[in-house]
Every structure is written in C-alpha cells, then in structure tokens.
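Residue strings, one per chain:
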Amino acid sequence: MMKSIAYLLKAVGKGLAPLQNLVLISLAAWFTHILLRVMLLFRSNPYGFPFVSKPDWFIFHAVCIDFMWIANALVAFLILGGIALRIAGGSKGIDSNGTVGTKGKTVAKFTTVFYAVFHTVILLLTLLDNETQRFLGGHLTFGLVDTYKDTSSIIVFYDYVANDLSVPYLQFVVLALMLPLTYGIYKLLCRWYRPTEGFYIKKSVIAMLVFYIASYSYVYFIWTGSSRMDKLRPVVSLIYNDLFATKRAPGLSEADLSAYKTAYQNLWQQVEGDSNWTFSDAKEGNALPLYRVPSAELVNSDKLAAQREMKPNFILVLMESERGLNTGYMNPQIQPSPTPFMDSLAAHSHVWMRMHTSGVPTTGGVLSTHIGIPHHSRLQQATDLAHVTLPSFVSVLTENGYSTHYMSAADPAWDNLGVWMAKWYTAQHYNRNREDDSTFMDNAIEYVRDTLAKEGKPFLATLMTRSNHYPFNFAAGMTDEEKNRPLQERINVTMGYADRQLARFIRAVENEEWYKNTYVIIMADHGFPLGENGVSTMSGGGFSNISWIPFFIHGKGLDAVRDTTTAAQIDIAPTILELAGLAAPNIFMGHNLLRGDSAGLSLGAYSGGYAAIGLNGYRLIAKFPAKQETHLFADDDLRQENELTGKLSEVESRLSGFLDTLLKISDYSLEHGL
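As the structure is a computational prediction, the values presented were derived from the model and not from experiment.

K.L.:
Can you explain the overall build of the protein? Please cite residues and give values.
P.N.:
Summing up its helical and strand segments, the protein has 24 helices and 16 strands in all. The C-alpha atoms of the protein give 28 Å as radius of gyration, which agrees with the globular expectation for 674 residues (26 Å, within 12%). Projecting the C-alpha coordinates of the protein onto the three principal axes gives extents of approximately 90 × 55 × 55 Å. Looking at the protein as a whole, 55% of its 674 residues qualify as buried.

K.L.:
Residues and numbers for the sheet that holds strand β15 (residues 618-623), please.
P.N.:
If you walk across this open sheet you meet the 4 strands as β13-β14-β15-β16, and the pairing is antiparallel. For this open sheet the edge positions go to β13 (601-606) and β16 (630-634), each flanked by a neighbour on one side alone. Taking each pair of neighbouring strands and ignoring which way they run, the sheet shows an average axis angle of 10°. Alignment of strand β14 (residues 610-615) against β15, held across 6 bridges, turns out to be antiparallel. Among the inter-strand pairings, Ile 613 is bridged to a residue of β15, identified as Leu 620.

K.L.:
Tell me about unusual backbone geometry, and name the residues and values.
P.N.:
Residues Gln 335 and Pro 336 are joined by a peptide bond in cis, for which omega reads -5°. On the secondary structure map, Pro 336 appears in the loop between β3 (313-319) and α14 (340-346). The residue after Tyr 470, namely Pro 471, is reached through a cis peptide bond having omega 10°. Its place among the elements puts Pro 471 in the loop between β8 (459-464) and α20 (480-483). A positive phi angle, near 55°, is found at Asn 533, a position not held by glycine. Note on placement: Asn 533 falls in the loop between β9 (518-524) and α22 (544-547).

K.L.:
Describe in detail the environment of Met 39, supporting the description with residues and values.
P.N.:
You can see Met 39 is positioned in helix α2 (residues 21-41). Taking the C-alpha atoms as reference points, Met 39 and Leu 345, 306 residues apart in sequence, are found 48 Å from one another. Setting aside residues up to four positions removed in sequence, Met 39 forms contacts with Leu 170 and Val 174.

K.L.:
Before we move on, could you go through the pairing of β15 and cite the residues and values that matter?
P.N.:
Two successive antiparallel strands, β14 and β15, enclose a turn made up of 2 residues, where Asn 616 displays a positive phi of approximately 55°. Sheet analysis places β15 next to β16, joined by 5 bridges and oriented antiparallel. Within β16, the position partnered with Tyr 618 by the bridge is Ala 634.

K.L.:
Provide a residue-level description of a nonpolar patch on the surface, including the pertinent values.
P.N.:
Where nonpolar side chains cluster on the molecular surface, the patch consists of Val 75, Ile 79, Leu 80, Ile 83 and Ile 87 and spans about 510 Å² of accessible area. With respect to the helices, strands and loops of the structure, Leu 80 is situated in helix α3 (residues 59-88).

K.L.:
Requested: an account of helix α19 (residues 437-450), with residues and values cited.
P.N.:
With 14 residues, α19 extends 19 Å from end C-alpha to end C-alpha; this agrees with the ideal 20 Å at 1.5 Å per step. Taken together, the buried positions of α19 are occupied by Asp 437, Phe 440, Met 441, Ala 444, Ile 445 and Val 448. Down the axis of α19, the sector holding all buried residues measures 135°, keeping them to one side. For α19, the secondary structure elements touched by its buried residues are β6 (403-408), β8 and α21 (487-509). Two to three positions downstream of the cap, the backbone nitrogen of Ser 438 sits 2.8 Å from a side-chain oxygen, assigning the N-cap of α19 to Asp 436.

K.L.:
Tell me about the sheet that holds β8, and please be specific about residues and values.
P.N.:
In space, the 8 strands of this open sheet follow the order β7-β6-β8-β3-β9-β10-β4-β11, with mixed pairing throughout. This sheet does not close on itself; its edge strands, each paired only once, are β7 (427-429) and β11 (561-563). Adjacent strand axes in the sheet meet at a mean angle of 15°, parallel and antiparallel pairs treated alike. Bridge count between strand β4 (residues 350-352) and strand β10 (residues 551-554): 2 bridges; the pairing is antiparallel. By the bridge assignment, His 350 is partnered in β10 with Ile 553.

K.L.:
Give me the side chain of His 350: which residues, what numbers.
P.N.:
Locating His 350 in the fold gives a position in strand β4. The buried category is assigned to His 350, whose relative accessible area is 10%. A polar contact is formed between the side chain of His 350 and the side chain of Asp 563, at a distance of 3.0 Å. Leave out the neighbours within four places in its chain, and His 350 touches Phe 551, Phe 552, Ile 553, Asp 559, Val 561, Asp 563 and Leu 594.

K.L.:
Lay out the pattern of salt bridges with the relevant residues and their values.
P.N.:
Summed over the entire model, instances satisfying the criterion amount to 21 salt bridges. For the salt bridge of Arg 43 with Glu 131, the shortest nitrogen-to-oxygen distance reads 3.8 Å. In this pair, Arg 43 is assigned in the loop between α2 and α3 and Glu 131 in helix α4 (residues 102-136), connecting sequence segments 88 residues apart. The residues Arg 43 and Glu 131 share a single accessibility class, namely buried. The shortest N-O distance in the salt bridge between Glu 532 and Arg 323 comes to 2.8 Å.

K.L.:
Provide a residue-level description of the packing of α4 against helix α7 (residues 170-192), including the pertinent values.
P.N.:
Contact geometry for α4 and α7: axes closest at 11 Å, N-to-C directions at 155°. With respect to α7, the axis of α4 lies roughly antiparallel. Seen along the crossing, α4 lies across α7 with a hand that is right-handed. Along the contact surface, α4 presents Thr 120, Leu 123, Leu 124, Leu 127, Glu 131, Arg 134 and Phe 135, while α7 presents Gln 171, Val 174, Leu 175, Met 178, Leu 179 and Thr 182.

K.L.:
Please give an account of the packing of aromatic side chains that cites residues and values.
P.N.:
By the definition in use, this model includes 30 aromatic pairs. Pairing Tyr 216 with Tyr 220 gives two aromatic rings, centres 4.7 Å apart and planes at 40°, and the pair type is tilted. Linking Tyr 216 with Tyr 220, this pair stays in helix α8 (residues 202-222), spanning 4 residues, or about one helical turn. Here the aromatic cluster, defined as three or more aromatic residues joined through ring pairs, consists of Trp 57, Phe 58, Tyr 218, Trp 223 and Trp 414. Here Lys 54 stacks its cationic end above the ring of Trp 57, 3.7 Å away from the centre of that ring. Taking NZ or CZ as reference, Arg 134 lies 5.8 Å from the ring centre of Phe 135, over its face.

Here is what the cut-offs are and how they apply
- Residues numbered from 1 in each chain as written.
- Predicted model: local features only at pLDDT ≥ 70, side-chain atom pairs only at ≥ 80, totals over all residues.
- Heavy atoms only, no water.
- Helix = DSSP H or I, 4+ residues; strand = E, 2+ residues; numbered from the N terminus.
- Rg over C-alpha atoms; globule rule 2.2 N^0.38 Å.
- Buried < 20%, exposed > 50% of the residue type's maximum accessible area, 1.4 Å probe, protein only.
- Pairing = 2+ DSSP bridges.
- Axes fitted to C-alpha atoms, helices over the stretch in contact; angles between N-to-C directions.
- Contact = heavy atoms within 4.5 Å.
- Patch = residues over 30% accessible without salt bridge, like charges linked within 9 Å, V, L, I, M, F, W, Y side chains within 5 Å.
- Areas by Shrake-Rupley, 256 points an atom, 1.4 Å probe, with all protein chains shown as cover.
- Salt bridge = Lys/Arg side-chain N within 4 Å of Asp/Glu carboxyl O.
- Expected span 1.5 Å × (residues − 1).
- Arc of directions from axis to C-beta.
- Polar contact = N/O pair within 3.5 Å; in protein donor to acceptor, adjacent residues only side chain to side chain.
- Parallel < 35°, antiparallel > 145°, perpendicular 65-115°, else oblique.
- Left-handed = near helix turned anticlockwise from the far one by under 90°.
- Phe/Tyr/Trp six-rings, centres within 6.5 Å; stacked < 30°, edge-to-face > 60°.
- Lys NZ or Arg CZ within 6 Å of the ring centre and 35° of its normal.

If you want it as structure tokens, here you go:
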C-alpha cells in the first residue's frame, strides 16, 4: 500500500515538474503578503490612532489565512496546468518519463506567467484594500467602489495620503517596491533550489501541506473569532463574496421602493401617533424613505426648550450580554437576584419592561442603539458598510456642543466598532490593561468625575463593559468552582460581578453636583441563548433569551414607572435626543419612548438570518427572507413559553408583511446612507 502511494506521488511529481516554479512564486507572494499585513496591523490609521489595539491577536491569524488561500490558488493552477500539459500530449508535450517537449514547455511557461500575473493583481488589490481599511474602516468592495467612483474621491485620497499621521506617502513607496521585492524573493528561491529528480521541491511541498493543516486547525479550531476573521478577509475572498455570495440581494425597483416607502411611512406615523414629524424628499435625505424633519412647533416647544436650557449630561452604560431572563427586576423568579444594584436603581427609574435588542451580536446591538436602525439582515454591517454615512444621536449631540466620549473595556477595533465611534464621538478610550470591569470602571470614574465634569460643557459618556462575556469566566476573582459551573449558573456569577462594578461607578459619582443634572441610562447590548426554546448559539434565532434586555433611564423629571410599551434599541436614539431637548432631521426608524403614547414597535435583525417584529400585542420571529421558519408569541409572554404559531394565521400574515417591508427599507437605507 505504501509503495503504491509513493509510486503515485512520484508519478504526480513528474507530471507537474514543469510547473514547479509556481510553488516558488507562491512562497514569494506569501512573504510579501506578510509584510503588507505587518504594515497594516502594526501601524496607526491616517488619523493617528492604532489600526488595531492588539496587533498580536491578529498577525498570526493573518499569516495563516494568507497562506491557506495562496495554497488553494496554487493547487488550482497546478491542476489546470497539469490538465493543459496532458492535453498538449505526445512527444511535444510531456512523456511518461517526465521529459518536456516543445508544446509542454510553452504550456508550462504560459501557466507560470499567468500565475505570476494573478498574484501581481492580487497584491495590488491587497494594498488598496489595506489602505481602504485604514482610511474608511471597511474592506474594498464593489459597493464601495460604486460609492466613490467619481474623480473627486481620487483627489481626496491623495490628500489623505499626504496628511497620513502614520507615514505620509508610504503607500506610494510600498506600491513602487512591492513587486520588485516579490520578484527578488522569487529569484532567490530559484537559486536556493536545484533540480534533481522529478518535482525537485517536494520537501517544500510536504512542509507546505503540514503548515496548511496547522494553519487551518489554528484559525478554525484552536483560536477562532468571527470578527477577527471578517477583518482579515483576503482580497480573493472579498471578490468571491461580491460576485457569488448569496447574501447579495437584487436592488429594489423604483416601483417596489415606492410601495415599501409608503407602507413604512404610514406604519411609522400610525405608531408615532402625532404629526410632529414629516417625511421629506429633500436632497439632504439622499432620497431615503426614512428621512424626516421635525415641525417648527416641535422644535420651538416649551418642553424641548426647557430640556435644552438644562443642558443635561448623559451616562449610557452598555452591559455586555445582560439577559432579561437573568436580571432580577425583570424576572423575579430567579432567586437570589444576580443584579441587586441594578434592581435598586430600576426601582427609582423609568423602566421599559419589553425592550428588545435590534441586532446581535455586540456590533448589531451597539450600532442599532446609535443609529436608530436595525442591523442589516444580510451584510456584516460593521465592516461591509463602514464607508456609508449614517448619523447617530451622538453626532447630533456633538454638533450641539456636547463633549462625547466612548469608553470600552473591550477592544473596539476587534469588531470594527472603533471606526464607527470615531465618526460620532469626540474621543474614544480603551486600554488593553483595563479589560476587567473593575479596572475599567476605576478609569471611567476618574475620567468622568475629574475631566469631563470639569470641562464646562454638557457631556455624554458611553461605557461598554466586558466581564459578562461568553464563556462567562472573565470576572476577576472567580474561583475554580465558579468557573466549572454550567453556563446557566456561571452567567449569574459574572452578571453579579458586573452589577457590583456598575454600583461602584454610580456610588462614586452620585453625590457630585453635576450628577443632579445627569441622565443615567442602563441597558444591554444583547442577551445570550442558554438552551431556552431549544437554542444555545448566537445564530439560533431571535428568541427572548437573546433579544429581551434591560433598559431604564434614571434622572431628573422621570418618575418611577414600569412601562409595558413594546420597544427596541432603535427607539433609544430619538429618546435620548428628546431628553437633550433636540429635534433634528434624522433617519431613525424608532420612536421617542417618552412621547406618552402606549403604541410601540419592536424590530430587529439577528445573526443566522433571523428577524423579529413586535407590534399590536404580538411578536413574530422568522427566518428571513424566506420565512421557512416562524414563531409567534403574545407580546407579554416575555419568556416565550406559549407558542401561538399556526393558531393566528391572519396575525402571522400581517406581521410577516410588515417585517418584510421594514427590513427591506432598513437594509436599503443602511446601504445608501446620507
């Protein structure tokens, strides 16, 4: 058996011997890709901030990912070249002893040149993709090219290069030297290897096979990370996805867009319940169906004027993976409560008991909270749409004189959130030495109390915690016994730890004079599925285990209320601006939750292709867009224990139609922006 395998390998080696230089081209190209990755990950972006805060968490994955796609390309070209050699055939092709004839040499030369051209193009596109990520935060895609295809964009790009706070004009130096360097490495490899018999670099091929297996195991099993993988996608993968991936959906026709626009705007006004806002086709709205402007009556109202006069501060705390099912005041059945401090603060706050996330995982929840639009139903919004202009409530506050700061215990560059926060906030704060909620809160206390509060300007401080993250063993001081508990129990430990750190923060600032004029907003980015409804993965659906989250506002003028209005993260942006006394043209799909109307709408798009809508007393969860899987619950069945699927077909049909309309309108708006 072993002799047969050895004979087969030897025969294959002889047959592919004329194409052996493809291996050397691959190794040379891989070396250049490694240099490009180093120059991307270990440099700052053009604005002087690190491209990633932890490049050591990315570089080894990048090296492995590049090796794997290069090896895949090599195999493809070897197969095609081998087939071409056999087709050439006869005495002029390649005989059974591996002797290459005239025609075989021509085929081998053509294949080698074509392979070199292939890698040349990919290297050039990779450099362009790297610079696109540094400047815009997203990968180079056909959609981005279509957005910036005019000549003015090229001029702006040159200005960026000239003012790059990393190294000005370095891009042009790399462009000039990249291909000569690759060719030089290739020639060195040619000198190092000498033909002996058959496929003379077979030892290198064996080593490449071993490294391929090791790389695959490392990237996909040993140290995984979907956000990292998305950030490190090679150009060949980007091109393939743009051309063939099923997530690309056909654009809406004018007739469909008009119909969806009318249906959406009618539904929004119906839920809103007043005429203080008018949808507008003004050019500032880029023809988006969502664009609306406030009435003069609303802008000049005494209520908003009084709030503007207050110039209130805002502290927005996003609690990582805080499940409504494990939050004491939301689920009294769980005893003892993992969140005693949050429960006590909620008792003196306006609490929304039916708040749902509008996107998962963290990128979905955080972006939906900021821009008032649910997460894109198909695209990786944080990276695929980073070039799109989407204003948030933070940008409105910043434009109106607020000092706005995003503070995160988790690396915002990990999932590309840092790119978005840079668009809206005055500054971002992250340090890899402050990733535990304890040290993170220590720094947040000091900065908010001793810096922000003394600037003489109203401020927004957004805090994103980390310790209650899967696998729920990040809390400092956890015992081995606690870390070995089942996930369903372990999450109570980490939620309790995060709750204590939140308590430390609030107690450290609550006696400050400025705190009396501050709204504290506590919420989660999303929940987490732990087996309820048969789901235990983030991509398993939009059930309440992942979507039902705590949300309340504590501050001046707000009574202690247990509000049962159906709500979602898309409502948070307009609600915060109401408290700031600001009514500005916007594209928020949500509603001001303080408007006094009991009608509400909850909308979300989740990983795994699921989406959900809550309206008129019911909540529908569907696999979008085909809806081959649906679940219907009463809106007040927050634990979703009594499924109504198949019992109320009219309700399902109506909600399904609304869900289709709203997601197509929101996806369209996210892709086009202002």
